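Summary of structural features
Listed here are the chains, written in short residue letters.
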Amino acid sequence: MEYKEVIENAKKNIGPNCKVCPVCNGLGCGNTMPGPGSKAPGNGANDNFNAWKRIKLNMDTIVEKTPISTETEFLGRTYGFPLMTAPIGSIKLQFNPTDDVADFNEKCMAACETLGITHAFGNGLEQRVWDSAIASGRAHGNNGIPVFNPDANEAIEGLMDLYKGGELPPAMCVVVDSAGLPHLRKLHGKAGTKTVEDLKELKEYAKVPFIVKGIMTAESALKAVEAGADAIIVSNHGGRVLAETPGTAEVLPEIVAAVKGKTKIMVDGGIRTGNDVFKALALGADMCLICRPVLISYYGGGQEGIECYLNKIKTELEDAMYMCGARKISDITSKMVRRQKIEWHR
């Protein structure tokens, strides 16, 4: 299956909210909420996309012609390349009322198993979503990472308890920025912001590496480190929780400067190509996540469609590494990209 075919198929299946644009840049869906769009006013999804496009690659081919390896170590596991498929809680609510996120999670985990990477699955609205996602993860090389919405701690711990008596996941994650989702507030009345102490409690309860998603400042990153986070995800929830936030590519250098070496750093938001993954790694990230185009690929071809898109990303990353002088992931440095300098005020 070619990626062009995936896109054409997706246009027929995905429903009215996503326009399946040639490039997923947030313009077609605009402020469609709940759905793939951004929180009005403004367009945070497009801001994320443009922030990566402002970064350019520095080509250097005066190097030895040796093989390219995209393998990377992350939180005690080896991955085929530094990318995870990112979580979505409900495609029924955001796309078509007959669609099932449990099937999306299954197809993602199967595709990720094939490529040697991991799927992070979201806080489904039904108990069966959790049960099926946990089963799918275990069936596909234990490659499912649960991402919990910021409900009351006892509710999150209850979901963590679903893993009792079986294989634990590679990590567990709490997504703090989704405290700003209007439909989450409506559906989960106890959801809201978290304190450092709240996160410390969840970290202790998890018994596996603990990730905090939704970090957009150096100060927040330091709080997550104080809470014991093994990794953070630099994310503004795809521009869906607060209008007029900067793009994740804009804040990543500030956060890297504050906590690199103290915790692993992941990033999402507007990452669409292997070149974007390369840029994120050059700025100091250890791992990237992609959501919207993976969902489009699911609608365009199920597991095969997702694999087609992920292989495209991996090939583009390999090309960027080859042309910029990196032969393995650890070779990628900030000297391999050119970006607009931003003044940060502390």
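Scroll up for the structure.
The notes below deal with the structure included here. Note that the coordinates shown come from a computational prediction; the quantities given were computed from them, not determined experimentally. (Residues numbered from 1 in each chain as written. Predicted model: local features only at pLDDT ≥ 70, side-chain atom pairs only at ≥ 80, totals over all residues. Heavy atoms only, no water.)

**Thoughts on the packing of helix α4 (residues 101-115) against helix α5 (residues 127-139)**
The relative placement of two packed helices comes down to the angle between their axes together with the axis-to-axis distance. The geometry of α4 relative to α5 is characterised by a closest axis approach of 9 Å and an angle of 15° between their N-to-C directions. Our classification of the angle between α4 and α5 gives roughly parallel. Where α4 crosses over α5, the two elements pack in a sense that is right-handed. Contacts between α4 and α5 pair V101, A102, N105, E106, M109 and E113 from the former with R128, V129, S132, A133, S136, G137 and A139 from the latter. The class makeup of the residues in the contact of α4 with α5 is six nonpolar, four polar and three charged. (Axes fitted to C-alpha atoms, helices over the stretch in contact; angles between N-to-C directions. Helix = DSSP H or I, 4+ residues; strand = E, 2+ residues; numbered from the N terminus. Parallel < 35°, antiparallel > 145°, perpendicular 65-115°, else oblique. Left-handed = near helix turned anticlockwise from the far one by under 90°. Contact = heavy atoms within 4.5 Å. Nonpolar A, V, L, I, M, F, W, Y, C, P; charged D, E, K, R; others polar.)

**Examining the pairing of strand β6 (residues 144-148)**
The buried count for β6 comes to five of five residues, which makes it a mostly enclosed element. In the sheet, strand β5 (residues 118-121) pairs with β6 via three bridges, with the strands oriented parallel. Its bridge partner lying in β6, F121 is registered against P146. Of the pairings in the sheet, the one linking β6 to strand β7 (residues 172-175) comprises two bridges and is parallel in character. Considered in β7, the bridge of V147 is made with C173. (Buried < 20%, exposed > 50% of the residue type's maximum accessible area, 1.4 Å probe, protein only. Pairing = 2+ DSSP bridges.)

**Quick look at the packing of aromatic side chains**
The final tally for this structure, using the stated rule, is six aromatic pairs. On the numbers, 5.3 Å between centres and 80° between planes, the contact of F104 with Y298 is edge-to-face. One end of the pair, F104, is in helix α4; the other, Y298, is in helix α12 (residues 292-324), and 194 residues separate them in sequence. For Y298, a relative accessible area of 13% puts it in the buried group. Centroid distance Y298 to Y299: 5.4 Å. Interplanar angle 70°. Geometry classified as edge-to-face. On the accessibility criterion, Y299 (7% relative accessible area) is buried. Taking the ring centre of Y3 as reference, the NZ or CZ of K312 above it sits at 5.2 Å. (Phe/Tyr/Trp six-rings, centres within 6.5 Å; stacked < 30°, edge-to-face > 60°. Lys NZ or Arg CZ within 6 Å of the ring centre and 35° of its normal.)

**Re the state of the cysteines**
A full pass over the atoms with the stated rule returns zero disulfides. Free cysteine: C18, not disulfide-bonded; nearest cysteine sulfur from C24 at 6.2 Å. Judged by relative accessible area, which is 12%, C18 ranks as buried. (Disulfide = S-S within 2.5 Å.)

**Some details on the sheet that holds strand β9 (residues 231-234)**
Pairing in this closed barrel of eight strands is parallel, and the strands run β4-β5-β6-β7-β8-β9-β10-β11 around the ring. The mean inter-strand angle of the sheet, taken between neighbouring strand axes irrespective of direction, is 30°. As paired strands, strand β10 (residues 264-267) and strand β11 (residues 287-290) are joined by two bridges and run parallel to one another. Within β11, the residue paired with V267 across the bridge is C288. The strands touched by helix α9 (residues 218-226) are β8 (210-215) and β9; relative to β8, the strand with the most contacts, the crossing angle is about 165°.

**Notes on the pattern of salt bridges**
Per the counting criterion, the structure on display carries 15 salt bridges. E250 is paired through a salt bridge with R54; the nearest N and O atoms lie 3.4 Å apart. In this pair, E250 is assigned in helix α10 (residues 248-259) and R54 in the loop between α2 (44-53) and β1 (56-57), connecting sequence segments 196 residues apart. Between K328 and D331 there is a salt bridge; the shortest N-O distance is 3.1 Å. Residue D331 is classed as partly exposed on the basis of its relative accessible area of 23%. (Salt bridge = Lys/Arg side-chain N within 4 Å of Asp/Glu carboxyl O.)

**Details of the environment of V267**
Note that V267 resides in strand β10. C-alpha separation for the pair V267 and N31, spaced 236 residues apart in sequence, amounts to 22 Å. Setting aside its immediate chain neighbours within four residues, V267 contacts W52, I233, V234, T248, L252, A280, A285, M287, C288 and L289.

**Structural notes on unusual backbone geometry**
At the junction of M33 and P34, the peptide bond is cis and its omega measures out at -5° in the coordinates. Between A40 and P41 the backbone carries a cis peptide bond, its omega angle lying at -5°. One can find P41 in the loop between α1 (3-13) and α2. Backbone geometry at V20 places phi at a positive 50°, although glycine is not the residue there. Structurally, the position occupied by V20 is in the loop between α1 and α2. On the accessibility criterion, V20 (3% relative accessible area) is buried.

**Digging into the environment of S136**
Mapped onto the secondary structure, S136 falls in helix α5. Distance in space between the C-alpha atoms of S136 and N25 is 30 Å, their sequence separation being 111 residues.

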